[in-house]
Amino acid sequence: MFKCLFATNKKSKRSKSITPDNYDEKKVHPKISIQSINDSNKLSRDSGLDSTRSRSTLADTRTSVRSPTSCFSTMAARLEEVEELPVDNKMIDDHLNHLIRQQRIWTIMDPLHNHEVSHKMRAKIVDWMGQVVFQYKLSVQTYFLSVVYMDTYLYKEKTPQRPLDLSLTGLAALFMASKFEDIEYLKMQTVVEKLGNKQFSADQIAAKERDILFQLGFNITIPTLYEFVVNYIGRITKESSREDQKLVIDGALYFAKLTTYHPNFSTMKRSKLASALVFVALKKATGRSKTRTLPSDWKETFWTITGEHKDEVFNVILEIEALKSETADAYSKLKMYRETTSSDVLAAMK
């Protein structure tokens, strides 16, 4: 069984902080760091600064809003707690239709077009956000949602943003996503003292949250790449073994994390990008499967469910392969997408 899709087969070193010292351009997030998860557990709840909702209320709200996908989020992020995987085709189809309708509203262009921020600077912030999710055992959806929050804000914000502004935006976006998605969500005290290393005050972070919410139109239920991926895989591999489903999900999310590094992928239709990710993962997993339970006719089912044009999907796949090579060269120090993936999955996805 696996703990989380961001888990690896290596024991994480809790005593070692993840800091921006590994990066070349410290101006991107000069003092942001992650302290030990054990230290964060000792922090008391900061009731004056956190969301006023209780954990149970937060959980109930999240479930009521995302009820069609709640079981799939559980399937992907905490599979060991699920005895039977959901196979309700109508529920999946209904929710996929809902996601496709919603994604049209949230289509954006280049999020950095109006800002003094390079693609590499943004990639470093995204990499750091992924490490926070891994270190603090947040949900996978939290990661993808926080990146969507950040990119949508940058696209709609007219005031030019600089590297330090980007650090604050990434921090606030991650805090918002965690409060919405996680039962054990990040606390303001942790965000200020541990993640922000006291570089930003609680008032600054709260003000940035308000700015992001305003640009989002106070709508925080934005469809993410993760939701499309798990719904597609849940529909296609419903008769497969848990081990094979895990391999396909892990593989698709390995490539999905990779695409978050470059803003060009944030401008694509998420249904199309998810289709390309799932296609690649299924193709590679079919040859590596140990239990051999993946359907032999998965391609036919795949095109029926996704409804995407083959040429368009294959073009996206080529872009993903090109990004993989670019990341290995231009972003060689950004390793979150690899370090948060097990060696077995890395071997299968070669």
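Going by the structure above, here's the rest.
As the structure is a computational prediction, the values presented were derived from the model and not from experiment. (Residues numbered from 1 in each chain as written. Predicted model: local features only at pLDDT ≥ 70, side-chain atom pairs only at ≥ 80, totals over all residues. Heavy atoms only, no water.)

(A) A look at the side chain of Asp182. Inspection of the secondary structure assignment puts Asp182 in the loop between α7 (163-181) and α8 (188-195). Residue Asp182 is classed as buried on the basis of its relative accessible area, which comes to 3%. Polar side-chain contacts of Asp182 include one of 2.9 Å to the backbone nitrogen of Ser139. (Helix = DSSP H or I, 4+ residues; strand = E, 2+ residues; numbered from the N terminus. Buried < 20%, exposed > 50% of the residue type's maximum accessible area, 1.4 Å probe, protein only. Polar contact = N/O pair within 3.5 Å; in protein donor to acceptor, adjacent residues only side chain to side chain.)

(B) Focus on the side chain of Glu308. Its place among the elements puts Glu308 in the loop between α13 (298-306) and α14 (310-330). Lacking a salt bridge, the buried Glu308 has Lys269 as its closest oppositely charged neighbour, with an N-O distance of 4.0 Å. Side chain to side chain, Glu308 and Ser271 meet in a polar contact 3.2 Å long. In this view, Glu308 contacts Lys269, Ser271, Lys272, Ser275, Trp303 and Val313; residues no more than four positions away in its chain are not counted. (Lys, Arg positive; Asp, Glu negative; His and termini not counted. Salt bridge = Lys/Arg side-chain N within 4 Å of Asp/Glu carboxyl O. Contact = heavy atoms within 4.5 Å.)

(C) Structural detail: unusual backbone geometry. Here Asn197, not a glycine, exhibits a phi torsion of approximately 50°, which is positive. For Asn197, the location among the structural elements is in the loop between α8 and α9 (202-215).

(D) A look at empty space enclosed by the protein. A complete count under the given rule lists 2 cavities of 30 Å³ or more for this structure. Its volume calculated, the largest cavity comes out at about 190 Å³. Lining of the largest cavity is provided by 17 residues; of these, Val147, Val148, Thr260, Ser266 and Arg270 occupy positions nearest its centre. Put simply, the parts of the chain that give the lining of the largest cavity at least two residues each are α6 (140-156) and α12 (270-288). Residues that form the lining of the largest cavity fall into these classes: 8 nonpolar, 6 polar and 3 charged. Size it by volume and the second largest cavity reaches roughly 70 Å³. What lines the second largest cavity is Gln103, Trp106, Thr107, Ile108, Ser266, Thr267, Met268, Lys269 and Arg270. Among the residues making up the lining of the second largest cavity, the classes are represented as 3 nonpolar, 4 polar and 2 charged. (1 Å grid on protein atoms, 1.4 Å probe; cavity = no way out; pocket = protein on both sides within 12 Å on 5 of 7 lines; lining within 4 Å. Points joined across faces, edges and corners; volume = space filled by probe spheres on them. Nonpolar A, V, L, I, M, F, W, Y, C, P; charged D, E, K, R; others polar.)

(E) Representation of the packing of aromatic side chains. Under the definition given, this model contains 11 aromatic pairs. Seen in terms of ring centroids, Tyr143 and Phe144 are 5.1 Å apart; in terms of plane orientation they differ by 75°. Their pairing is edge-to-face. Across this residue pair, the class does not change: Tyr143 and Phe144 are buried. Considering the side-chain rings of Phe228 and Tyr232, the 6.2 Å spacing of their centres and the 45° angle between planes classify their relative orientation as tilted. Within this pair, Phe228 and its partner Tyr232 are both found in helix α10 (residues 225-236), separated by 4 residues, close to a single helical turn. Chaining the aromatic ring pairs together yields one cluster made of Phe279, Trp298, Phe302, Trp303 and Phe314. (Phe/Tyr/Trp six-rings, centres within 6.5 Å; stacked < 30°, edge-to-face > 60°.)

Fair warning: the whole summary comes from geometry, so function is off the table for now.
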